[in-house]
Protein chains: 2
Amino acid sequence: MYDQEMAQKKIDGLRSELDALDEKLVGLLNDRATIALKIRALKPDANYGLYDPKREEEIFTHIARINQGPLYAENLREIYGAILREMKEMRG
Amino acid sequence: MYDQEMAQKKIDGLRSELDALDEKLVGLLNDRATIALKIRALKPDANYGLYDPKREEEIFTHIARINQGPLYAENLREIYGAILREMKEMRG
């Protein structure tokens, strides 16, 4: 088999691994959204504001602390920026 | 206990659940990054371009198909836009 074909076959295999991993990721993101909606519903009773920048900073600090790479803290911060934004904007 | 305190305690408990979930999410995002780096390294041998909009569209279609909510397809698309961007920009 040509080297080129071999590399293409390896990429196909790795893309299947990514697809399987994306199914887990989408499941976890939805689990996260379910909990975020529960918190949102409790905030008026707790007398908390809907937007809490201190809590967001806590989340960013936490994910940077537990990160083992290869993503850098700044990559994760960008990804989590989008995650937290979409959780806030989600219709409840 | 006041209703307000009760709601605050419930929020604390749910935030602990979110923190535990974020540890799994960060692990999966890094697993995804590891595979993405392997694919990137194989692309020159496979004679594939580093950027492949058709493959990105496949990923968006796949995640929309498997999504069971409460996130909407458009929320997931925004989050995955950030994920794919950061995976591309990651230093290898």
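Residues numbered from 1 in each chain as written. Chains lettered and ligands numbered in written order. Predicted model: local features only at pLDDT ≥ 70, side-chain atom pairs only at ≥ 80, totals over all residues. Heavy atoms only, no water.

J.: Would you mind showing me how to read the interface of chain B and chain A here?
T.: How large an interface is tends to be reported as the accessible area lost when its parts come together. Counting from both sides, the interface comprises 57 residues of chain B and, opposite them, 57 residues of chain A. Summing both partners gives a buried area of about 5,900 Å² for chain B against chain A, and 69% of it is carried by carbon and sulfur. For the pair chain B and chain A, the interface holds six salt bridges. The salt bridge involving Arg 32 of chain A is made with Asp 22 of chain B; its shortest N-O contact spans 2.8 Å. Seen at the junction of chain B and chain A, the total is 16 residue pairs in polar contact (both at pLDDT 80 or more). (Contact = heavy atoms within 4.5 Å. Buried area = accessible area lost by both parts, 1.4 Å probe. Salt bridge = Lys/Arg side-chain N within 4 Å of Asp/Glu carboxyl O. Polar contact = N/O pair within 3.5 Å; in protein donor to acceptor, adjacent residues only side chain to side chain.)

J.: Before we go on, may I ask you to explain the packing of helix 3 (residues 73–89) of chain A against helix 3 (residues 73–89) of chain B in this structure?
T.: Put simply, helix 3 of chain A and helix 3 of chain B touch, their axes get as near as 9 Å, and they point 175° apart. As the angle between them shows, helix 3 of chain A and helix 3 of chain B are arranged roughly antiparallel. Packed against helix 3 of chain A, whose contacting residues are Glu 74, Asn 75, Glu 78, Ile 79, Ala 82, Ile 83 and Glu 86 of chain A, the element helix 3 of chain B presents Glu 74, Asn 75, Glu 78, Ile 79, Ala 82, Ile 83 and Glu 86 of chain B at the interface. Classifying every residue of the contact of helix 3 of chain A with helix 3 of chain B by side-chain character gives six nonpolar, two polar and six charged. (Axes fitted to C-alpha atoms, helices over the stretch in contact; angles between N-to-C directions. Helix = DSSP H or I, 4+ residues; strand = E, 2+ residues; numbered from the N terminus. Parallel < 35°, antiparallel > 145°, perpendicular 65-115°, else oblique. Nonpolar A, V, L, I, M, F, W, Y, C, P; charged D, E, K, R; others polar.)

J.: What is the right way to read helix 3 of chain A from this model?
T.: Residues that lie three or four places apart on an α-helix share one face, since the helix turns once every 3.6 residues. An ideal rise of 1.5 Å per residue puts 24 Å on 17 residues; helix 3 of chain A measures up with 24 Å between its terminal C-alpha atoms. Those residues of helix 3 of chain A that sit buried are Asn 75, Leu 76, Ile 79, Tyr 80, Gly 81, Ala 82, Ile 83, Leu 84, Glu 86 and Met 87 of chain A. Looking at the buried residues of helix 3 of chain A, the elements they touch are helix 1 (3–46) and helix 2 (53–66) of chain A together with helix 1 (3–46) and helix 3 of chain B. (Expected span 1.5 Å × (residues − 1). Buried < 20%, exposed > 50% of the residue type's maximum accessible area, 1.4 Å probe, protein only.)

J.: Help me out: how do you make sense of the packing of helix 2 (residues 53–66) of chain B against helix 3 of chain B in this one?
T.: Between two packed helices, the angle of one axis relative to the other and the distance separating the axes together describe the packing. Residue and element names in this part refer to chain B. One can describe the packing of helix 2 onto helix 3 by two numbers: an axis separation of 10 Å at closest approach and a directional angle of 140°. By the criterion of interaxial angle, the relationship of helix 2 to helix 3 is oblique. Note that helix 2 runs across helix 3; the crossing there is right-handed. Residue-level contacts link Glu 56, Glu 57, Ile 59, Phe 60, Ile 63 and Ala 64 of helix 2 to Ala 73, Leu 76, Arg 77, Tyr 80, Gly 81, Leu 84 and Lys 88 of helix 3. The class makeup of the residues in the contact of helix 2 with helix 3 is eight nonpolar, one polar and four charged. (Left-handed = near helix turned anticlockwise from the far one by under 90°.)

J.: Can you walk me through the relation of the copies chain B and chain A in this structure?
T.: Both copies of the chain are related through a single rotation about an axis accompanied by a shift along the same axis. The two copies are related by a screw operation: chain B maps onto chain A through 180° of rotation and 0.0 Å of translation along the axis, at an RMSD of 0.0 Å. Classification of the inter-copy transformation places it as that of a two-fold axis. Here 100% of the interface residues in chain B have copies in chain A that are interface residues too; the copies meet face to matching face. (Least-squares fit on C-alpha atoms with pLDDT ≥ 70 in both.)

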